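Commentary on secondary and tertiary structure
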Amino acid sequence: MNAAHLRLREATGAAHARVDALFSRFDLARRDDYAGLLAAHAEALLPVEAMLNRSGAESITDDWSQRRRAGVIQVDLDALGIEVPAMDASAELAPAAAMAGMLYVLEGSRLGGRFLARNIPESWPRAYLGSQQPPHMWRELLAKLDSILYEPEALEIAVTAANQTFGRFEAAGTKWLAKVV
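Figured I'd write up the structure that's included with this text.

About the criteria used
Residues numbered from 1 in each chain as written. Predicted model: local features only at pLDDT ≥ 70, side-chain atom pairs only at ≥ 80, totals over all residues. Heavy atoms only, no water. Axes fitted to C-alpha atoms, helices over the stretch in contact; angles between N-to-C directions. Helix = DSSP H or I, 4+ residues; strand = E, 2+ residues; numbered from the N terminus. Parallel < 35°, antiparallel > 145°, perpendicular 65-115°, else oblique. Contact = heavy atoms within 4.5 Å. Nonpolar A, V, L, I, M, F, W, Y, C, P; charged D, E, K, R; others polar. Phe/Tyr/Trp six-rings, centres within 6.5 Å; stacked < 30°, edge-to-face > 60°. Buried < 20%, exposed > 50% of the residue type's maximum accessible area, 1.4 Å probe, protein only.

Now for the packing of helix H1 (residues 4-23) against helix H7 (residues 152-180). Two elements in contact, H1 and H7, have axes separated by 9 Å at closest approach and are oriented at 5°. Considered as vectors, H1 and H7 are oriented roughly parallel to each other. Within the contact between the two elements, H1 uses Ala4, Arg7, Leu8, Ala11, Thr12, Ala15, His16, Arg18, Val19, Leu22 and Phe23 and H7 uses Leu155, Glu156, Ala158, Val159, Ala162, Asn163, Phe166, Phe169, Glu170, Gly173, Thr174 and Leu177. Along the lines of polarity and charge, the residues of the contact of H1 with H7 split into 14 nonpolar, five polar and four charged.

Another point: the packing of aromatic side chains. Ring pairs (aromatic) are described by centroid distance and by the angle formed between their planes. Under the defined criterion, the tally for this structure stands at three aromatic pairs. Ring geometry for Phe23 against Phe26: centres 5.5 Å apart, planes inclined by 20°, an arrangement best described as stacked. The buried category is assigned to Phe26, whose relative accessible area is 4%. Each ring, one from Tyr104 and one from Trp138, has its centre 5.9 Å from the other, and the planes form 35°; the classification is tilted. Separated by 34 residues along the polypeptide, Tyr104 in helix H5 (residues 96-117) and Trp138 in helix H6 (residues 135-148) bring together distant segments of the chain. In this structure Tyr104 comes out as buried when scored by relative accessible area, which is 10%. The class of Trp138 is partly exposed, set by a relative accessible area of 21%.

What follows concerns the side chain of Ser131. Along the chain, the position of Ser131 falls in the loop between H5 and H6. Accessibility expressed as a relative area gives 14% for Ser131, which makes it buried. Excluding residues that lie within four positions of it along the chain, Ser131 makes contacts with Arg69, Val72, Arg110 and Arg126.

Right, here's the structure in full:
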C-alpha cells in the first residue's frame, strides 16, 4: 500500500508548523485580527482554488465543487467590510500531481479551521472557518492521493506543490499580521 499522504505530511511538517504558529498569533477575539486572518487566507486560497478550477481538480476528486471555499470566504469578508486586493490571475495549469499537493493543504486547512472557529465570537460571520465536511471526505481524499501518487516523481511534485501552497499561506499571514499588530 502506497502511503503518499504520509510522505506529504512528513515532507510538509516544517512548513505546516510555521503556518500554524504564524496564524496562532492572530487574536481571534479582536475583530481586526479576525478580519486579517480571513484576508490572509483569501489571499492564499483564492489563487490556488482558481488554478485548481482551471486545471481540472475534479479529475483528482470528483466532489471538488463541494470542497471549494472561495465563495464562503468572500461571504465573510463582505460581512466584515474587508476588501482583498485582486489576486494573481496566472493562467498557469497545474499537473495532476501538483493539484494533489495543493488539495492536501487546502483540505487540511479546513480541518484546522474548526479549531480556530472556537475562538470567534458567535456574532461574527463564520462561513469560511465553519465550512465543515463529513469526516469521510478527508479520508477519501487521502486514499485518492495514495492511489495517484504512486510514482516517486509524482509524489515529489505533490510535495513541492504542497510546500509552495503552505508558503502562500505563510507569506499572506505574515503580510496581514503586520497590518493588524
